[in-house]
Amino acid sequence: MIAKPIAQTYGTLSALRAAAAATTSEELVAELSEIEGVGMIAEAIDRFVRDHVASASIGANTDANRTGRAIPCSLSQVAELWGVP
């Protein structure tokens, strides 16, 4: 799974989104491409972290926590859900 190496690099999805906000798409894609296993999906990851709908979904995590249906908000949580040790 690709989430684990990305989580090891950025720590949280918020940190990855901050990296996207601080760089151009080309710069982030280049940075992501340096992570082992990312390769060809770097552009898709860049699009995801810059997507306003995805951002709204991630922001809904606070409300989801109150209902007990939290959306994973860190890459390590996503990796855990996918069963990546």
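Note that the structure is a prediction, hence the values are computed from the model and not measured.

Caption draft 1: Region of interest: the overall build of the protein chain. For the protein chain, the helix and strand inventory stands at seven helices and zero strands. Burial statistics for the protein chain: of 85 residues in total, 32% are counted as buried. Roughly 5400 Å² of accessible area belongs to the protein chain as shown, and the carbon and sulfur atoms make up 57% of that amount.

Caption draft 2: Structural detail: the nonpolar core. Residues Ile-6, Tyr-10, Leu-16, Leu-28, Leu-32 and Val-38 are the most contacted members of the largest nonpolar core, which totals 14 residues. When residues of this core are traced back to their parent elements, those giving at least two are α1 (3–10), α2 (13–22), α3 (25–33) and α4 (42–50).

Caption draft 3: The packing of α2 against α3, seen in detail. At a minimum axis separation of 8 Å, α2 and α3 run at an interaxial angle of 135°. Comparing the axis directions of α2 and α3 gives the class oblique. Here α2 runs over α3; the crossing is right-handed. Each of Leu-16, Ala-19 and Ala-20 in α2 lies in contact with α3, whose residues at this interface are Leu-28, Glu-31 and Leu-32. Among the residues making up the contact of α2 with α3, the classes are represented as five nonpolar, no polar and one charged.

Caption draft 4: Representation of the environment of Ala-44 in the model. The topology assignment puts Ala-44 in helix α4. Looking at Ala-44, the relative accessible area reads 36%, which means it is partly exposed. As for Ala-44 and Val-29, which are separated by 15 residues in sequence, their C-alpha atoms are 8.9 Å apart.

Criteria and cut-off values
Residues numbered from 1 in each chain as written. Predicted model: local features only at pLDDT ≥ 70, side-chain atom pairs only at ≥ 80, totals over all residues. Heavy atoms only, no water. Helix = DSSP H or I, 4+ residues; strand = E, 2+ residues; numbered from the N terminus. Buried < 20%, exposed > 50% of the residue type's maximum accessible area, 1.4 Å probe, protein only. Areas by Shrake-Rupley, 256 points an atom, 1.4 Å probe, with all protein chains shown as cover. Core = buried A, V, L, I, M, F, W, Y, C linked by side-chain atoms within 4.5 Å. Axes fitted to C-alpha atoms, helices over the stretch in contact; angles between N-to-C directions. Parallel < 35°, antiparallel > 145°, perpendicular 65-115°, else oblique. Left-handed = near helix turned anticlockwise from the far one by under 90°. Contact = heavy atoms within 4.5 Å. Nonpolar A, V, L, I, M, F, W, Y, C, P; charged D, E, K, R; others polar.

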